[in-house]
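# Breakdown of the fold
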Amino acid sequence: MADAAPPSKSRDLDKLLLRPGNLVGPTFDPGVQLRDDLQEYARVLVVGAGGLGCELLKDLALSGFKNLEVIDMDRIEVTNLNRQFLFRLEDVGKPKAEVAAKRVMERVSGVNIVPHFCRIEDKDVEFYNDFSIIALGLDSIEARSYINAVACSFLEYDSDDNPREETMKPMVDGGTEGFKGHARVIVPGVTPCFECTIWLFPPQVKFPLCTLAETPRNAAHCIEYAHLIKWDEVHSGQSFDPDNPDHMKWVYDEAVKRAQLFGIPGVTYSLTQGVVKNIIPAIASTNAIISAACTLETLKIASGCSKTLSNYLTYNGVEGLHTKVTEFVKDKDCLVCGPGVLIELDTTVTLKKFIDMLEEDPKVLMTKASITYHGKNLYMQAPPVLEEMTRSNLELPLYDLMDKTPKDVLHATGTINKDDKKSSCLRKLRVVFKGMDGVTDMDMAGGA
Amino acid sequence: MAEPKTKYDRQLRIWGEQGQAALEKASICLLNCGPTGSETLKNLVLGGVGSITIVDGSKVEFGDLGNNFMVDDSSLGQSKAKCVCSFLQELNDAVKAKFIEEYPEALIDTNPSFFSQFTLVVATQLVEESMVKLDRICRQENVMLIFARSYGLTGLVRISVKEHTVIESKPDHFLDDLRLNNPWPELRGFAEAIDLNVQDPVAHKHIPYVVILVKMGDEWKTSHGGTLPSNREQKREFKELLKARMTAMDEDNYKEAIDASFKLFAPQGISSDLQQIINDSRAEVGSSSSDFWVMVAALKEFIANEGGGEVPLEGSIPDMTSSTEHYVNLQKIYQAKSEADYLVLEERVRNILKKIGRDPHSIPKATIKSFSKNARKLKVCRYRSIEDEYNNPSPAELQKYLTDEDYSIAVGFYILLRAVDRYAANFNHFPGQFDGGLDEDISRLKTTAVSLLNDLGCSGLTLTEDLINEMCRFGAAELHAVAAVIGGIASQEVIKLITKQFVPMTGTFAFNAIDHKSQLLNLC
């Protein structure tokens with residue numbers, strides 16, 4: 001051990017960051033500078049402080065990152081404790097983001113983690129632009145879709161419709177269910193975004209109401225009858241709260257009665273919760289594997305210290321162990337990561353008219369849209385203060401609000417209806433004013 | 001609901017009360033508590049494993065603070081085993097956690113009987129020589145063993161157990177056991193009582209597809225010399241027949257029948273996997289046979305006799321469009337047959353137990369019942385010893401992997417992980433472990449790899465310069481994120497071994513963190 005290096009906390013990571021390598025990224029520039037820059041300048045946002053989020057924070061803190069933030073709207077529950085290792089029984093009821101940040105900072109000195117206890121939609125879009133990389137540890141399609149749209153909204157295209165590298169906001173995304181999981185890398189404009197491959201997440205199968213009402217066959221049908229039909233019949237006006245134990249008990253009791261009536265076995269309290277809350281089974285090991293794979297990719301994107309995953313990894317430990325890498329391709333017509341939905345307008349169209357048009361446009365179908373232009377709020381539906389401040393813009397021509405720019409990009413956030421479910425959504429819109437831009441005429445000619 | 005049950009709710013939905021009970025009974029020994037070992041145990045402690053014993057002789061160094069979450073600044077200079085143990089205890093006070101401050105290599109050499117007290121040993125970051133010795137001990141003592149190693153951007157996980165048998169393999173996708181092509185009298189009777197030409201449209205669209213397929217199958221047979229559709233043309237024709245029976249566009253039951261018609265065409269009898277199990281020499285049972293093999297012997301008799309070539313019926317049916325009444329009755333018919341088959345199998349199990357001189361009631365009813373229902377899904381996993389894998393390599397397999405683009409990096413790492421141990425045995429350090437003399441290390445590792453390939457019977461093949469250089473660059477680093485992947489996989493395999501549910505991996509998992517084309521190498 002004669003030539004042992006002076007003690008360094010990054011003893012192991014240094015091998016990767018300080019030494020030149022052969023199977024590395026094109027921008028890899030090994031050295032102390034790289035390690036220090038990673039600590040000083042790289043900023044990673046972890047979205048979700050649940051099973052994946054807790055692991056991601058720990059893994060990132062021990063992989064050379066010092067500036068982390070985490071956003072999560074949930075509070076800690078007892079059922080989290082079998083895998084969300086940063087939480088203890090006495091933490092139940094506290095905000096996940098805050099406890100997770102505190103615990104990791106306690107154990108890994110020098111790391112700074114800023115928690116955000118709020119919904120992802122509560123943050124300005126610009127909040128997300130502050131980060132070098134966004135790591136997603138989410139369990140819902142809607143939330144992934146939203147963050148994906150936000151990250152893709154930063155992407156700008158040059159005049160030849162090629163994505164500008166400096167506007168790309170890379171994401172790594174993980175997901176697990178039982179012994180299975182996936183990890184993927186999304187570089188908007190380069191690899192498929194979440195929306196390009198939305199078919200990977202088929203919509204959840206719902207039972208037809210007539211089955212529930214007339215021909216129930218299994219325990220889940222009885223539970224959903226109590227939850228979706230009987231509850232409303234009996235509790236007029238009071239909405240069902242899945243987190244209220246009295247509500248859950250009521251649904252369970254009703255489901256049992258219905259099952260008895262039809263001679264159907266299998267209604268239990270546990271199944272009732274599973275069906276009503278759509279509980280996805282989750283264990284520590286799978287979360288650990290997937291989060292660590294995501295962290296490796298985050299490190300590689302930030303430092304170039306190795307080649308990256310291209311671009312989707314699946315893991316399945318049910319029967320033996322199967323891993324597979326699939327290189328999905330981008331949908332060139334994607335509404336989210338593509339150059340944006342093209343909308344042609346007369347220069348006289350007011351902002352109000354424009355917002356109304358978005359409800360009708362088959363490619364947008366967005367209600368209650370708020371509009372921003374290069375970070376400037378043209379109209380905001382909420383909060384009331386901002387609404388009041390921007391209301392006067394509604395009657396002004398959009399052309400004027402855009403400083404008479406013949407062709408430019410706007411961002412619209414609002415609500416869309418998908419599979420009978422309302423969700424928040426952000427769209428990039430390319431607005432072109434008729435007669436003001438030569439390119440428009442050419443487009444028109446091509447379309448005619 | 002009691003707190004522990006609530007805490008484990010999300011995993012009870014996967015492995016149930018029985019799986020959880022098995023975990024809570026298990027005692028796990030961990031060798032070396034660097035990040036790989038610590039992360040493995042973390043996942044097991046969270047899940048509520050019975051007890052853990054951490055064996056590590058080292059003190060916490062500055063560098064450990066950068067790769068292990070279970071130690072912090074205050075741990076510097078203290079026993080690593082003690083620090084990791086106390087943090088893990090914080091995660092779950094139901095787990096009995098203890099530590100032994102000793103180097104695993106020393107324990108292996110001086111106190112082999114130490115290991116016999118455990119259900120399972122997780123051995124991390126061991127080199128070849130210690131792996132071989134430990135494997136011999138654990139096989140002798142019938143203790144399950146799993147190796148886990150993280151090394152730069154690679155690593156491996158390897159199970160070493162003489163034999164692991166699974167009744168509840170719980171596969172994701174498995175053909176329903178409906179016996180549509182071979183209905184027993186009660187099922188046929190039920191189908192016959194239902195009129196496919198019923199006039200009432202509501203009744204017509206609520207005939208379960210099981211009934212439609214049984215009846216239409218019989219109808220086809222009478223006009224086709226007693227055989228079911230066997231070629232593509234006949235299958236297409238059969239589906240057209242089904243379609244023609246629809247009286248309205250919205251008849252989901254007929255659509256389901258068309259989609260499920262392959263279940264009618266499926267061959268009768270048992271799968272080749274199951275055939276292999278009943279043909280196994282261990283199915284010739286004696287007084288020392290395990291419960292599993294006793295039940296296999298009974299199953300073999302059942303298939304040859306009452307089963308008429310089939311296993312006991314599983315008894316559950318998938319959801320399908322149907323009136324409640326038809327569906328519930330159908331469920332009862334399947335359950336009754338399943339129960340009857342189970343009783344026959346149980347009788348055979350009891351007789352065999354008697355014959356081999358064991359208490360005929362020494363296998364619980366519930367176990368035989370589970371075996372009976374899962375007869376089609378039985379799994380037997382065997383692993384050869386590490387010594388055997390090393391002394392009797394599979395050159396044909398290795399060559400195949402080395403020349404396959406998807407495998408070449410993973411198998412290259414497998415070979416290099418063995419090469420670095422040889423290297424370390426010769427030079428007392430791993431290649432690239434220290435910052436000086438990297439070039440010399442690279443050329444020495446290259447020489448070592450060539451001679452190893454030669455010993456493996458792959459003398460014509462070489463590893464790429466790139467890979468050898470990378471391996472030296474790694475310098476035996478134990479990166480946290482790689483350790484978390486390897487530890488995560490190891491803990492998942494431990495859970496499968498202890499709960500005896502799902503199917504553990506049956507090869508050497510070679511991790512490739514470069515492009516994630518990791519592979520399970522079929523070498524053990």
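Residues numbered from 1 in each chain as written. Chains lettered and ligands numbered in written order. Predicted model: local features only at pLDDT ≥ 70, side-chain atom pairs only at ≥ 80, totals over all residues.

### Re the overall build of chain A
Each helix and strand in chain A was counted, giving 15 helices and 13 strands. Its C-alpha atoms give chain A a radius of gyration of 25 Å, within 12% of the compact-globule value 22 Å for 448 residues. Here the C-alpha coordinates of chain A stretch approximately 80 × 70 × 40 Å along the principal axes. The proportion of buried residues among the 448 residues of chain A is 45%. A fraction of 65% describes how many contacts in chain A between residues 6 or more apart in sequence connect residues 24 or more apart. (Helix = DSSP H or I, 4+ residues; strand = E, 2+ residues; numbered from the N terminus. Rg over C-alpha atoms; globule rule 2.2 N^0.38 Å. Buried ≥ 20, exposed ≤ 12 C-beta atoms within 10 Å, placed from the backbone. Contact = placed C-beta atoms within 7 Å.)

### Thoughts on the overall build of chain B
Summing up its helical and strand segments, chain B has 22 helices and 10 strands in all. Along the first, second and third principal axes, the C-alpha atoms of chain B reach 90 × 50 × 45 Å. Looking at chain B as a whole, 47% of its 524 residues are labelled buried. Long-range contacts, defined here as pairs at least 24 residues apart, represent 71% of the contacts in chain B between residues at least 6 apart.

### A few points about the interface of chain A and chain B
Between chain A and chain B, the residue contacts involve 64 residues of the former and 71 residues of the latter. Broken down by secondary-structure element, the contributors of at least two residues to the side of chain A that touches chain B are α1 (11–18), α3 (51–61), α11 (284–303) and β8 (322–326) of chain A. It is α11 of chain A that contributes the most residues to the side of chain A that touches chain B, 10 residues altogether. Tallied by class, the residues present in the side of chain A that touches chain B amount to 30 nonpolar, 21 polar and 13 charged. (Nonpolar A, V, L, I, M, F, W, Y, C, P; charged D, E, K, R; others polar.)

### Things to note about the UniProt feature "active site" (unreviewed entry) in chain A
All names here are of chain A. Within this structure's numbering, the places UniProt gives as "active site" (unreviewed entry) are C210. Structurally, the position occupied by C210 is in helix α7 (residues 209–213). Using a count of 8 C-beta atoms within 10 Å as the deciding quantity, one classes C210 as exposed. (UniProt positions renumbered as here; feature names shortened; annotations may be inferred.)

### Some points on helix α12 (residues 351–360) of chain A
Residues and elements named next belong to chain A. Those residues of α12 not exposed but buried are L351, F354, I355 and L358. Looking straight down α12, one finds its buried side chains confined to an arc of 100 degrees; they lie on one side. Considering only its buried residues, α12 is in contact with β9 (341–345), β10 (367–373), β11 (376–379), α14 (398–401) and β12 (407–418). (Arc of directions from axis to C-beta.)

### Here we look at the nonpolar core
If you look at the biggest cluster of nonpolar residues, it comprises 204 residues, and the most contacted ones within it are L57 and A135 of chain A together with L120 and V122 of chain B. Not counting residues up to four positions away in its chain, the partners in contact with A135 of chain A are V44, L45, V46, V47, L56, V172, C294 and T298 of chain A. In terms of nonpolar packing, the next biggest core, distinct from the first, is built from 26 residues, V285, F302, I352 and F371 of chain B among them. (Core = buried A, V, L, I, M, F, W, Y, C linked by C-beta atoms within 7 Å.)

### Describing the packing of helix α19 (residues 405–427) of chain B against helix α20 (residues 438–455) of chain B
Residues and elements named next belong to chain B. Where α19 meets α20, the axes come as close as 9 Å, and the angle between the chain directions of the two elements is 115 degrees. When you trace α19 past α20, the crossing you get is right-handed. On α20, the residues touching I415, L416, R418, A419, R422, Y423 and F427 of α19 are R444, L445, T448, A449, L452 and L453. (Axes fitted to C-alpha atoms, helices over the stretch in contact; angles between N-to-C directions. Left-handed = near helix turned anticlockwise from the far one by under 90°.)

### Observations regarding the sheet that holds β9 of chain A
All names here are of chain A. Ordered in space as β9-β13-β12-β10-β11, the 5 strands form an open sheet in which the pairing is mixed. The two strands at the open ends of the sheet, each matched to only one other strand, are β9 and β11. The average undirected angle you get between the axes of adjacent strands in this sheet is 35 degrees. As defined by bridge partners, β10 adjoins β11 across 3 bridges and the pair is classed as antiparallel. Bridging from a neighbouring strand, Y373 pairs with K376 of β11. (Pairing = 2+ DSSP bridges.)

### Digging into the pairing of strand β6 (residues 180–186) of chain A
All names here are of chain A. In terms of burial, β6 is a largely internal element, 6 of the 7 residues being buried. In terms of strand pairing, strand β5 (residues 171–177) meets β6 through 7 bridges, oriented antiparallel. From the neighbouring strand, G174 faces β6, where its bridge partner is A183. Following β5, the chain reverses through 2 residues before pairing antiparallel with β6; G178 in that reversal takes a positive phi of roughly 60 degrees. Pairing analysis gives 5 bridges linking β6 to strand β7 (residues 312–316), with the strands arranged antiparallel. Bridge pairing in β7 places H182 opposite T314.

### Thoughts on the confidence of the model for chain B
Taken residue by residue, chain B gives an average pLDDT of 95. The fraction at 70 or more is 99%. Here the predicted complex carries an ipTM of 0.95, next to a pTM of 0.92. (pLDDT = per-residue confidence, 0-100.)

### Focus on the domain arrangement of chain A
Partitioning chain A into domains gives domain 1 (12–202 + 282–326), domain 2 (209–276) and domain 3 (341–447). Between the C-alpha centres of domain 2 of chain A and domain 3 of chain A there is a distance of 44 Å. (Domains from an automatic or database assignment.)

### As for the pairing of strand β5 (residues 144–151) of chain B
Residues and elements named next belong to chain B. Burial of β5 is extensive: 8 of the 8 residues sit out of reach of the surface. Neither face of β5 is open: one carries M144, I146, A148 and S150, the other L145, F147, R149 and Y151, and all of them are buried. In the sheet, strand β4 (residues 120–124) pairs with β5 via 5 bridges, with the strands oriented parallel. Counterpart to V122 in the pairing with β5 is I146. Taken together, the 7 bridges between β5 and strand β6 (residues 154–160) define a ladder with antiparallel strand orientation.

### Structural notes on the domain arrangement of chain B
Looking at the assigned domains, one finds that chain B contains domain 1 (3–167 + 479–521), domain 2 (185–265), domain 3 (272–380) and domain 4 (389–474). Of note, the centres of domain 3 of chain B and domain 4 of chain B, computed from C-alpha atoms alone, are 48 Å apart.

### As for the sheet that holds strand β4 (residues 133–137) of chain A
Residues and elements named next belong to chain A. Read from one edge to the other, the open sheet built from 8 strands follows the order β3-β2-β1-β4-β5-β6-β7-β8, with strand pairing classed as mixed. The sheet is open, and its two edges are formed by β3 (112–116) and β8, each paired on a single side. Between one strand axis and the next, the sheet turns by 15 degrees as a mean value, whatever way the strands run. Of the pairings in the sheet, the one linking strand β1 (residues 43–47) to strand β2 (residues 67–71) comprises 5 bridges and is parallel in character.

### Details of α11 of chain A
Residue and element names in this part refer to chain A. With 20 residues, α11 ought to run about 28 Å at 1.5 Å a step, and its terminal C-alpha atoms sit 28 Å apart, in line with that. Counting buried residues along α11, 20 of its 20 residues qualify, which places the element largely inside the surrounding structure. Positive phi shows up at G304, right after α11, with a value of about 75 degrees. (Expected span 1.5 Å × (residues − 1).)

### Some words on unusual backbone geometry
Residues and elements named next belong to chain A. The omega angle of the peptide bond from S310 to N311 is -15 degrees, so this bond is cis rather than trans. For N278, which is not a glycine, the phi torsion comes out positive at approximately 50 degrees. Its place among the elements puts N278 in the loop between α10 (269–276) and α11. Even without a glycine there, the phi angle at K368 is positive, about 50 degrees. Among the structural elements, K368 can be located in strand β10. According to the C-beta neighbour criterion, K368 is partly exposed, with 13 such atoms within 10 Å.

### Describing the confidence of the model for chain A
Counting all residues, the mean pLDDT for chain A is 91, and 96% of those residues have values of 70 or more. Contacts for the low-pLDDT stretch residues 440–448 of chain A, under 50 throughout, to residues beyond four places or in other chains number 3 contacts.

### Here we look at the packing of helix α2 (residues 9–25) of chain B against helix α22 (residues 480–499) of chain B
Any two packed helices are characterised by the angle at which their axes cross and by the distance between the axes. Residues and elements named next belong to chain B. Contact geometry of α2 with α22 gives a least axis separation of 8 Å together with a crossing angle of 100 degrees. As far as their axial angle goes, α22 and α2 are roughly perpendicular. Residues W15, G19, A22 and L23 of α2 form the contact with α22, whose participating residues are I495, I498 and T499. The residue inventory of the contact of α2 with α22, partitioned by class, reads 5 nonpolar, 2 polar and no charged. (Parallel < 35°, antiparallel > 145°, perpendicular 65-115°, else oblique.)

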